[in-house]
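Architecture and fold: a report
Here are the chains, one letter per residue:
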Amino acid sequence: MAAWQLTKALWKAETNDYQRFDVVQPLFHAGYYKDVEEYLSVAADQELAVCPYSPLAGGFLTGKYERADPDDPKSVRAPDGSRGSFDERFERFYLSERGWKVLDEIRAVADEVDATPAQVSLRWLMDQEAFTCVPIIGARTVDQLEENVAAADISISREQHDRITDARFDEDGRRWGH
Amino acid sequence: MEYRQLGATGTRVSELCFGTWRFGRKTGGVLETDEDDAHELLDAFADHGGNYIDCANIYGDPNGTSESYIGSWLEDRDREKYVLTSKVYFEYDSDNPNGSGLSRTHIRNRSTKRSKISAQTTWTSTISTAGMKTPQSKRRSLRSTDSSKRAKSTIWVPQRWLPGN
C-alpha cells in the first residue's frame, strides 16, 4: 500500500464514519528507511503506530553475515545453516552497498554501547521520534529471544542514532546503490 | 519491557512485539517451531513483560496452526493480558472461492467467527488487512472491517507488503 493509498483510506474512513486504521505494519529497518519515508510520514502525521516486520532484515542486521568481496555487495559469507545468499528476497533487499554501510555503523555503535548489532538495530527502531514504533521480533530460539528483548535495556544517543540513519548516504549526500 | 500507546487507540503494548510466523511452519518438510517450542518462546516473552503477539491466519502448515498454538498457550493464561494480532487476505482455503481476499464474507469468517484463535480466545485485538490494492476493494473492505471492528473491538492494520505488491 502506497502512502497515498493509506492517506485515502484514512480519508474514506473519516468521510464515511468508518473505523480508521490505527496501526501500520511496513517492512522497515535501518537499511531500508528512505524507501518508506513517505509512508512513515503519514503514520507520524495521523498518529498511527508503526510495527515493522523483518526489523533485523532477515538476520542481516544481526551481523552474522560477512562481506566476502569488497567489489560485490551480493557476495556474502554466511555461517553454516543460515540463509546466506540463497534467499532471493534476502539478496534483493538487504545485500546492497548501503546495507553493508548501515551494518558497519550499527556494528560500530554496538561496540560503543556494549551491545549486539541486533539490539542496536532494534533500538534504532524503538527510538523513532515521529511515531510509536514497535518492532516485530521473530526469534527462533529462547536465546535469540533473550538477546532481542535485551534491546529494551540498552540506550543509544541521538548522535549514534543519526549516524546509523546517515550511513545510507555517501559523502555527497547521495544514497548508496541498492 | 516498558509499554507504549498503540497509536491513538489507548491500548498499551510492550515495546517489542513477538512474531509467530515460524510456529508450525514447515521448511523442506521439517517443522521449524513445534507447539512445545512455541509455548516456551511465548513463556520467555511473557516473562519479560511482553504482551503483544503478532500472527496471521496463514501462518503454519496447515493454515491456522500458528493461531492454534497461541490459542492453546492462552488456555493457561489470562487472555485479557495479551494483545493479539492476526491477518486476513491471503489464501486460507483454496477450495473455497471465498477463502481469500478482503470480501466481507472472508473477513467475517476468518477474523471474528471461525478463526482458530478467536474460537479459543474469544477475540483478536487487531486484524491486519494484508493486501488492499484497488479503491473499489478498499471501499468494500473498509466497510466490512468497520462492521467487524465495531462488533469485536478490533483494531485494523494495513500492511505494506514488499514493493510491487
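Residues numbered from 1 in each chain as written. Chains lettered and ligands numbered in written order. Predicted model: local features only at pLDDT ≥ 70, side-chain atom pairs only at ≥ 80, totals over all residues. Heavy atoms only, no water.

1. Concerning the pairing of strand β7 (residues 83-88) of chain B
Residue and element names in this part refer to chain B. The condition that has to hold: Each residue's exposure class comes from its accessible area (1.4 Å probe, protein chains only) as a fraction of the maximum for that residue type: buried when under 20%, exposed when over 50%, partly exposed otherwise. Strands are runs of DSSP state E lasting at least 2 residues, helices are runs of H or I lasting at least 4, and numbering of each runs from the N terminus. Two strands pair if DSSP finds at least two bridges between them. When the strands point away from the viewer, a crossover counts as right-handed if the route from the first strand across the helix to the second turns clockwise.
β7 sits mainly inside the fold: six of its six residues count as buried. Burial along β7 is two-sided: Val83, Thr85 and Lys87 and Leu84, Ser86 and Val88, pointing in opposite directions, are all buried. Two elements, strand β6 (residues 52-54) and β7, share three bridges in a ladder whose sense is parallel. From the neighbouring strand, tyrosine 52 faces β7, where its bridge partner is valine 83. What joins β6 to β7 is helix α2 (residues 65-74), and the crossover it makes is right-handed.

2. Topic: the packing of aromatic side chains
To be explicit about the condition: Only rings of Phe, Tyr and Trp enter the pairing, Trp through its six-membered ring, and a pair is recorded when the two centres are within 6.5 Å. The plane angle decides the type: under 30 degrees is stacked, over 60 is edge-to-face, the rest tilted. Working rule: Lys NZ or Arg CZ, within 6 Å of ring centre, within 35 degrees of ring normal, means a charge sits over the ring.
Overall, the coordinates contain seven aromatic pairs over all chains when judged by the stated rule. Ring-pair connections join several aromatic residues into one group, and the members of that group are B:Phe18, B:Phe23, B:Phe45 and B:Tyr69. Directly above the ring of A:Trp11 sits A:Lys12, whose terminal nitrogen or CZ lies 5.1 Å from the centroid.

3. Regarding helix α2 (residues 37-45) of chain A
Residues and elements named next belong to chain A. Filter applied, for reference: Our arc is simply the arc of the directions from the helix axis toward the C-beta atoms.
Every buried residue of α2 is listed here: Tyr39, Leu40, Val42 and Ala43. Angular distribution of buried residues about the axis of α2 spans 150°; they occupy a single face of the element. More than 90 degrees from the buried face of α2, the exposed residues found are Glu38 and Asp45. Two residues or fewer past α2, glutamate 47 is found with a positive phi of approximately 60°.

4. Some words on a negative patch on the surface
Inclusion rule: Here, patches come from residues exposed beyond 30% relative accessible area and free of salt bridges, joined within 9 Å for like charges and within 5 Å for nonpolar side chains (Val, Leu, Ile, Met, Phe, Trp, Tyr). Using the Shrake-Rupley algorithm and a 1.4 Å probe, accessible areas are obtained, with residue cover drawn only from the displayed protein chains. Salt bridge, as applied in this entry: a Lys or Arg side-chain nitrogen positioned within 4 Å of an Asp or Glu carboxyl oxygen. We score Asp and Glu as negative and Lys and Arg as positive, and we do not count His or the chain ends. Here the site of a charge means atom NZ of a Lys, CZ of an Arg, CG of an Asp or CD of a Glu.
On the surface, B:Asp34, B:Glu35, B:Asp36, B:Asp37, B:Glu40, B:Glu75 and B:Asp76 cluster together into a negatively charged patch. Inspection of the secondary structure assignment puts B:Glu75 in the loop between α2 and β7.

5. Considering the environment of A:Met126
Convention followed: Residues are treated as being in contact if the distance between any of their heavy atoms lies within 4.5 Å.
Structurally, A:Met126 can be placed in helix α5 (residues 117-126). Residues A:Met126 and A:Cys51 lie 75 residues apart in sequence; the distance between their C-alpha atoms is 9.8 Å. Setting aside residues up to four positions removed in sequence, A:Met126 forms contacts with A:Cys133, A:Pro135, A:Ala151, A:Ala152, B:Arg4, B:Glu15 and B:Leu16.

6. Some points on the packing of helix α1 (residues 3-16) of chain A against α2(A)
Residues and elements named next belong to chain A. Formally: Lines fitted to C-alpha atoms define the axes, with helix axes restricted to the stretch in contact, and inter-axis angles between N-to-C directions lie between 0 and 180 degrees. For classification purposes, angles smaller than 35 degrees are called roughly parallel, those larger than 145 roughly antiparallel, those between 65 and 115 roughly perpendicular, and all remaining angles oblique. Three categories are distinguished: nonpolar for Ala, Val, Leu, Ile, Met, Phe, Trp, Tyr, Cys and Pro, charged for Asp, Glu, Lys and Arg, and polar for the others, with Gly belonging to the last.
Orientation of α1 relative to α2, taken along the N-to-C sense of each, is 25°, at an axis distance of 8 Å. Classified by the angle between their axes, α1 and α2 sit roughly parallel to one another. Residues Ala3, Leu6, Thr7 and Leu10 of α1 form the contact with α2, whose participating residues are Glu38, Tyr39 and Val42. Within the contact of α1 with α2, the residues separate by chemical class into five nonpolar, one polar and one charged.

7. Details of the packing of helix α4 (residues 97-113) of chain A against α5(A)
Residues and elements named next belong to chain A. For the pair α4 and α5, interaxial distance at closest approach is 8 Å and the crossing angle is 100°. In terms of orientation, α4 and α5 fall into the roughly perpendicular class. Contacts from Ile106, Arg107, Val109, Ala110 and Val113 in α4 reach Pro117, Val120 and Ser121 in α5. Partitioning the contact of α4 with α5 into residue classes produces six nonpolar, one polar and one charged.

8. Quick word on unusual backbone geometry
Note that the residue after B:Asp61, namely B:Pro62, is joined by a cis bond; omega there is 0°. Locating B:Pro62 in the fold gives a position in the loop between β6 and α2. With phi around 60°, A:Glu47 is a residue other than glycine that occupies positive phi space. Assignment of secondary structure puts A:Glu47 in the loop between α2 and β2 (49-50). Phi is positive for A:Ala57, which is not a glycine, with a value near 55°.

9. Here's the deal with the confidence of the model for chain A
As a reminder of what qualifies: Here pLDDT means the predictor's own confidence in every residue, given as a number from 0 to 100.
Per-residue confidence for chain A gives a mean pLDDT of 87, with 90% of residues at or over 70. No element of chain A has a lower mean pLDDT than helix α3 (residues 88-93) of chain A, which averages 64, and none a higher one than α5(A), which averages 98.

10. Some remarks on the pattern of salt bridges
Residue and element names in this part refer to chain A. Under the counting rule described, the total for this entry stands at ten salt bridges over all chains. Among the ionic pairs, arginine 163 bridges to glutamate 112, the shortest N-O distance being 2.8 Å. On the criterion of sequence distance, the pair formed by arginine 163 in helix α7 (residues 158-166) and glutamate 112 in helix α4 is long-range, its members being 51 residues apart. Owing to a relative accessible area of 23%, arginine 163 belongs among the partly exposed residues under this scheme. In this structure glutamate 112 comes out as partly exposed when scored by relative accessible area, which is 44%. Put simply, aspartate 127 and arginine 123 hold a salt bridge, and the shortest N to O gap is 3.0 Å. Considered together, aspartate 127 and arginine 123 belong to a single accessibility category, that of buried residues. The structure contains a network of salt bridges with shared partners spanning Glu105, Glu112, Glu159 and Arg163.

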